[in-house]
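Next come the chains, spelled out residue by residue.
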Amino acid sequence: MTTTMDRRSLLSRAALGATGLVAATAMGSLAPETAFAAGSQFADAGQPDPNFAEGLIMGRNQDLLQVQGSDGRLHRIQLTGVTSVWKLRPTTIDQAKIGDGLYARGVLLPDGILAAEAVWVNIVNLTVDITSISRTGVQFDHHGQKVVGHVQSGTTAAVYNGTPAVSDLSMLKVGRHAQVIGAWRPGTNEIDIATIYTSN
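The structure presented is a predicted model; accordingly, all values stated were derived computationally and were not measured. (Residues numbered from 1 in each chain as written. Predicted model: local features only at pLDDT ≥ 70, side-chain atom pairs only at ≥ 80, totals over all residues. Heavy atoms only, no water.)

### Brief notes about the overall build of the protein
- When you go through the protein residue by residue, the secondary structure sums to two helices and 13 strands.
- Within the protein, the proportion of its 200 residues that are buried is 42%.
- Within the protein, contacts between residues separated by at least 24 positions form 56% of all contacts whose residues are at least 6 apart in sequence.
- On the protein, roughly 10,300 Å² of surface is accessible, and the fraction owed to carbon and sulfur atoms is 54%. (Helix = DSSP H or I, 4+ residues; strand = E, 2+ residues; numbered from the N terminus. Buried < 20%, exposed > 50% of the residue type's maximum accessible area, 1.4 Å probe, protein only. Contact = heavy atoms within 4.5 Å. Areas by Shrake-Rupley, 256 points an atom, 1.4 Å probe, with all protein chains shown as cover.)

### Points about the confidence of the model for the protein
- Averaged over the protein, the pLDDT score is 83; the fraction of residues at 70 or greater is 77%.
- Note on residues 1-5: pLDDT is under 50 here. Beyond four places in sequence and across chains, it has two contacts.
- Below a pLDDT of 50 lies the segment residues 10-28, which in the model reaches 32 contacts outside its immediate sequence neighbourhood of four places, other chains included. (pLDDT = per-residue confidence, 0-100.)

### So, the packing of aromatic side chains
- Applying the stated criterion across every chain, the model contains one aromatic pair.
- The interplanar angle of 40° and the centroid separation of 5.7 Å between the aromatic rings of Phe-52 and Tyr-103 together place this pair among those described as tilted. Taken together, the residues span a long stretch of sequence, with Phe-52 in strand S1 (residues 52-61) and Tyr-103 in strand S6 (residues 101-108) at a distance of 51 residues. (Phe/Tyr/Trp six-rings, centres within 6.5 Å; stacked < 30°, edge-to-face > 60°.)

### Quick look at the pairing of strand S13 (residues 190-198)
- The element S13 is largely enclosed, with a buried count of seven among its nine residues.
- When strand S11 (residues 157-160) meets S13, the two strands line up parallel, connected through four bridges. Each residue of the ladder has a partner; that of Tyr-160, found in S13, is Thr-198.
- Linkage of strand S12 (residues 177-184) to S13, two consecutive antiparallel strands, is achieved through a turn of five residues, within which Gly-187 is found at a positive phi near 80°. (Pairing = 2+ DSSP bridges.)

### Description of the pattern of salt bridges
- By the definition in use, this model includes six salt bridges.
- The partner of Arg-60 in a salt bridge is Asp-63, and the shortest N-O contact between them spans 3.5 Å.
- Residue Asp-63 is classed as partly exposed on the basis of its relative accessible area of 30%.
- Connected through salt bridges with shared partners, the residues Arg-185, Glu-190 and Asp-192 form a single ionic network. (Salt bridge = Lys/Arg side-chain N within 4 Å of Asp/Glu carboxyl O.)

### Observations concerning the nonpolar core
- Of all hydrophobic cores here, the largest spans 16 residues; its most connected members are Val-138, Phe-140, Leu-172, Val-180, Ile-191, Ile-193 and Ile-196.
- Where this core is concerned, the elements lending two or more residues are strand S8 (123-133), strand S9 (137-142), S11, S12 and S13.
- Residue contributions to this core peak at four residues, all from S8.
- Excluding residues that lie within four positions of it along the chain, Ile-191 makes contacts with Val-124, Leu-126, Val-147, Val-148, Gly-149, His-150, Val-180, Ala-183, Trp-184 and Arg-185.
- Among the nonpolar cores identified, the runner-up in size contains 14 residues, and Ile-57, Ile-77, Ala-104 and Ala-116 belong to it. (Core = buried A, V, L, I, M, F, W, Y, C linked by side-chain atoms within 4.5 Å.)

### Describing the pairing of S6
- With six of eight residues buried, S6 is to be regarded as a mostly interior element.
- The pairing of S1 with S6 spans five bridges and is antiparallel. The residue bridging Leu-56 from the neighbouring strand is Gly-101, located in S6.
- As consecutive antiparallel partners, S6 and strand S7 (residues 114-121) are separated by five residues, and within that stretch Gly-112 has a phi angle of approximately 90°, a positive value.

### What about unusual backbone geometry?
- The backbone of Gln-62 shows a phi angle near 55°, a positive value even though the residue is not glycine.
- Positionally, Gln-62 belongs in the loop between S1 and strand S2 (64-68).
- With phi around 75°, Leu-88 is a residue other than glycine that occupies positive phi space.

See the structure below:
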């Protein structure tokens with residue numbers, strides 16, 4: 001098991017430009033569900049986890065992201081050679097764009113920069129009611145707001161009653177409650193669907 005000091009050393013070297021052979025996913029899961037668990041951890045009671053950041057990408061200087069948090073804080077997030085990036089599916093660091101939202105987990109360096117171990121771009125986690133189903137998409141009601149979900153071939157999956165995820169969406173039913181994890185299309189009410197959790 002990788003210790004905190006080992007992880008800090010690896011990410012610090014990566015942030016300084018050293019190339020590592022270990023992928024960041026060896027230190028933690030890149031599964032989209034992990035993004036939301038990370039945000040609920042606290043270093044001290046009542047204090048946000050210093051090794052976690054969220055917000056909108058406001059600027060980018062090569063691999064250094066400037067991020068405006070939803071609480072108004074400014075974050076500097078360093079993407080490294082060992083940063084794992086999720087944007088609907090595992091991808092590369094060049095897919096993080098200005099205007100995107102993100103969650104990031106990593107190690108806070110002494111200069112205040114977060115050396116990112118994992119970044120989830122435009123990730124959303126919504127509780128919804130299914131209002132319409134077609135071959136290419138599923139429409140949802142999220143607390144009175146319409147959300148258009150796009151099915152992505154080879155990626156979109158459904159989990160029925162806690163069973164393993166399957167690509168077969170035929171058991172989805174209009175009127176059912178669901179939880180949807182996906183990637184938001186900035187500036188729209190549309191998402192690309194990663195996983196739908198529901199009962200059938």
